[in-house]
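For reference, the chains in residue letters:
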Amino acid sequence: MERIPTSEPSGMEPCSGPNVEPCADPQRYWIALAVVVAVAIAFRLFFFIGFVGADPHDDAIYINTINSMVKGTYSLAPIRNIIAENRFDPAHIFQLRMSFLMPVKCLVLLFGPNDFGFILFPFLCSIFGVILAYFFVSLFGGDRELGLITAFLLAVYPLDCAFATKISPDVPLGLSVALTVFFFARGEIRLRDNGSSKEAGIWFFLSGMFFSLSHGMKVLGVVLPSFFLLYFLVYRRFRMQHLFVVLGFIPFFALLSYYYYANSGDPFLQNTLLSRAQVFNVNALWALPHLKKYPIGFLEIIGSYGGLFEYTKYTFAFKAYSRGVVHYFTIYYPLMLLGGVVWALYVRKRFTADLNRIFAIWLIWVVAGYITLEFAPVSIEEIFTNKRYCLFPKHPRFHAYLSIPVVCIGALCFSSLRRYRKIMFTGLFFVAGLSAFSLHTIQNYYHDGLKDIKDAAAYIQAHPEKTYYTDYLATGYLKYRLHYNPLYKIEDVNHLHSEAGLGDGILILGGARGVEINGDASLDIVPQWAKQRYFNPLEHHLVLVREYRNPLPYSDTRYRKHDMKILAVAGAKESNP
């Protein structure tokens, strides 16, 4: 593709797109990038999330798995038994995400089992993603100012900020996918511009390597084959150098497959476990009311975690989510995506050939990603045996895999305002303010369920001599909050057959136990005798009651239906704090 002529003198790189003065002092752009990175760090620390999910939710499973790896008790033997006995649960897949688990394990060894150690890996991936967003524009398009705008938009993007400080592989996977595309784009441009086969091969090899790491982090790394397929269909050209992507993919994939095979007998354990677990959910009686079925011809399309066009509903806020803050994650996502695409299609002739080329890659990336997230099957076997097309699980956070191309495209909207600096900066500040409001809401949503636990943990620290009995969710929370210190004795109340087993122990009941589980659930999972004591504590000494507080005054959803109560048996030597 020929480079579109611009008015810059030859040999000089533009700072702000075509028809502007050439760069006199590129150092100021590095300073500006440092400021943007500082903003990204500040947003993530100020709206810190940390450990908020309860077992069987994702956070606790990751924490338990990494703790077992640190202690040397990690084993795939339970997974092997699950397969042999044909009983599956999607939660088991979390224990196999080695590209995520191993880096977090190393950081936990360095910093301990706390919020800092567990979230440092996604946090660093998020910050590096901001820097990568800058290079995705400045390196390929030669437009450093547009690169800074792109980096700023990702620095304050609610979805990226929220999951950067949460124990989750979504942001790291988003970065790994982005690096796969980034290195592939570098190889393509080198190959097309000067035919440097050797240099292009190196970039393609790096692309394949991160492709493999993406798959090892999460099966949803399958968004990448869709990208490569759509790219080659659009450009209709394939060279031998592209095989270096496959060569880069093989080493880590082969190593991981051998590990799975040696410990379970299945080299494709991740894929097997996810597909069988999804099919198990489809067949489970408890899941039937939640399934969405779409008979199409001889196939029955089934989604147990969202149906067809679920991501379209998430993105454009057509879906009302009664127990979440989905629309706050993607609060200006559709405006950035649609605005950037429409604007770029009209005025992209003003840009260099490189920027046009990389814009096409971003667009292919987003389209391929949406197609995969919406329609990818989780089980090929089901299509041929039971004529059922089981869709991949769908969650709003999976948008993180497309955050970088979306902000790259969205930044194009602001590029037309660069002649009007005050308007442009006003728009960017407005976006930052909107993000801050969104993140405040998300943070409140997540943290409200932990206020009870923090109060209870403080009480236990002040009275370490007692044994505390609570539901299995609070047991995990409290042990984590108390850094797994054996000084504090915390037991599952379900292990007691009657109140007689309490002795001089203390009951901790009620409260929220995480936002995703409502107040009723924390009492539904305790024995009947314990529930009766909660509602009739006359023979007990009431130590602590949390007031009911609605985390979102402007929301209809209420999570704490019952206050937390810490109940000591009659005659125990306890006093109100």
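Summary of the structure given here. (Residues numbered from 1 in each chain as written. Predicted model: local features only at pLDDT ≥ 70, side-chain atom pairs only at ≥ 80, totals over all residues. Heavy atoms only, no water.)

1. Looking at a nonpolar patch on the surface
- Residues Phe205, Phe238, Met240, Leu243, Phe244, Val246, Leu247 and Ile250 make up a contiguous nonpolar surface patch of about 740 Å² in total accessible area.
- Per-element tally for the nonpolar patch: the top contributor is helix H11 (residues 243-264), with 5 residues.
- Within the secondary structure, Val246 sits in helix H11.
- Assessed through its relative accessible area of 45%, Val246 is described here as partly exposed. (Patch = residues over 30% accessible without salt bridge, like charges linked within 9 Å, V, L, I, M, F, W, Y side chains within 5 Å. Areas by Shrake-Rupley, 256 points an atom, 1.4 Å probe, with all protein chains shown as cover. Salt bridge = Lys/Arg side-chain N within 4 Å of Asp/Glu carboxyl O. Helix = DSSP H or I, 4+ residues; strand = E, 2+ residues; numbered from the N terminus. Buried < 20%, exposed > 50% of the residue type's maximum accessible area, 1.4 Å probe, protein only.)

2. Considering the side chain of Lys218
- Tracing the backbone through its elements, the reader meets Lys218 in the loop between helix H9 (197-217) and helix H10 (223-235).
- What makes Lys218 buried here is its relative accessible area of 3%.
- A distance of 2.7 Å separates polar atoms of two side chains, one belonging to Lys218 and the other to Asp170.
- With residues near it in sequence (within four places) discarded, Lys218 still touches Arg97, Pro169, Asp170, Leu173, Gln270, Arg397, Phe398 and Tyr401. (Polar contact = N/O pair within 3.5 Å; in protein donor to acceptor, adjacent residues only side chain to side chain. Contact = heavy atoms within 4.5 Å.)

3. Notes on the packing of helix H16 (residues 353-375) against helix H18 (residues 403-415)
- Two numbers describe how H16 lies on H18: the axes approach to 9 Å, and their chain directions differ by 130 degrees. Accordingly, the angle class assigned to the pair H16 and H18 is oblique. Crossing handedness for the pair H16 and H18: left-handed. Residues Phe359, Trp362, Leu363, Trp365 and Val366 of H16 touch H18, and the partners they reach there are Ile404, Pro405, Val406, Cys408, Ile409 and Leu412.
- Residue classes in the contact of H16 with H18 are distributed as 11 nonpolar, no polar and no charged. (Axes fitted to C-alpha atoms, helices over the stretch in contact; angles between N-to-C directions. Parallel < 35°, antiparallel > 145°, perpendicular 65-115°, else oblique. Left-handed = near helix turned anticlockwise from the far one by under 90°. Nonpolar A, V, L, I, M, F, W, Y, C, P; charged D, E, K, R; others polar.)

4. Description of the sheet that holds strand E4 (residues 467-470)
- Strand order across the open sheet formed by 5 strands is E5-E4-E6-E8-E7, with mixed pairing between neighbours. A strand with exactly one partner marks an edge of an open sheet, and here the two such strands are strand E5 (489-492) and strand E7 (541-545). When strand polarity is set aside, the average angle formed by the axes of neighbouring strands in this sheet is 25 degrees.
- Taken strand by strand, helix H20 (residues 451-462) contacts E4, E5, strand E6 (506-509), E7 and strand E8 (565-568), and its axis lies near 165 degrees from that of E6.
- Across the sheet, helix H23 (residues 528-535) touches E6 and E8, and the angle it forms with E6 is around 80 degrees. (Pairing = 2+ DSSP bridges.)

5. Looking at unusual backbone geometry
- Positive phi outside glycine occurs at His483, with the angle close to 55 degrees.
- Secondary-structure assignment places His483 in the loop between helix H21 (472-481) and E5.
- Unusually for a residue other than glycine, Tyr484 sits at a positive phi of about 55 degrees.
- Note that Tyr484 resides in the loop between H21 and E5.

6. Quick look at the packing of aromatic side chains
- Per the counting criterion, the structure on display carries 37 aromatic pairs.
- Here the aromatic rings of Tyr62 and Phe94 are separated by 5.2 Å at their centres, their planes lie at 35 degrees, and the arrangement is tilted. Highlighted residues: Tyr62 in helix H2 (residues 58-71) and Phe94 in the loop between helix H3 (77-84) and helix H4 (98-111), separated in sequence by 32 residues. Summarising the burial analysis for this pair, Tyr62 and Phe94 share the class buried.
- Both rings, one in Phe136 and one in Phe182, keep their centres 5.2 Å apart while their planes meet at 85 degrees; by these two values the pair is edge-to-face. Within this pair, whereas Phe136 is found in helix H5 (residues 115-141), its partner Phe182 is found in helix H8 (residues 170-194), the two being separated by 46 residues in sequence.
- The class for Phe136 is buried, based on a relative accessible area of 0%.
- Aromatic rings pair up to connect Phe184, Phe204, Phe211, Phe227, Phe228, Tyr231, Phe232, Tyr235, Phe238, Phe249, Phe253 and Phe268 into one cluster. (Phe/Tyr/Trp six-rings, centres within 6.5 Å; stacked < 30°, edge-to-face > 60°.)

7. Side note on the side chain of Lys166
- Following the sequence through the fold, Lys166 ends up in the loop between helix H7 (158-164) and H8.
- Within the structure, the side chain of Lys166 is placed 3.1 Å from the side chain of Asp59, a separation counted as a polar contact.
- Look past the residues within four positions of Lys166 in its chain and what remains in contact with it is Ile49, Gly50, Val52, Asp59, Ile119, Pro122 and Tyr446.

8. Some details on the nonpolar core
- Among the nonpolar cores identified, the biggest contains 165 residues, and Phe136, Leu153, Phe227, Trp362 and Trp365 are the most heavily contacted of them.
- Ranked by residue count, the leading element in this core is H5, at 14 residues.
- Leave out the neighbours within four places in its chain, and Trp365 touches Phe136, Val177, Ala178, Val181, Phe227, Tyr401, Leu402, Ile404 and Pro405. (Core = buried A, V, L, I, M, F, W, Y, C linked by side-chain atoms within 4.5 Å.)

9. Things to note about the environment of Leu355
- Its place among the elements puts Leu355 in helix H16.
- Between the C-alpha atoms of Leu355 and Val137, which are 218 residues apart in sequence, the distance is 7.5 Å.
- Dropping the residues within four chain positions of it, Leu355 is found in contact with Phe140, Gly141, Leu146 and Trp362.

10. A short note on the packing of H20 against H21
- Between H20 and H21, whose axes approach to 10 Å, the crossing angle comes to 60 degrees. In terms of axis orientation, H20 runs oblique to H21. The handedness of the crossing between H20 and H21 comes out as right-handed. For the pair H20 and H21, the contacting residues are Ile453, Ala456, Ala457 and Ile460 in the first and Ala474, Tyr477, Leu478 and Arg481 in the second.
- Here the contact of H20 with H21 is composed, by residue class, of 7 nonpolar, no polar and 1 charged.

None of the figures reported here should be taken as evidence of function without further support.
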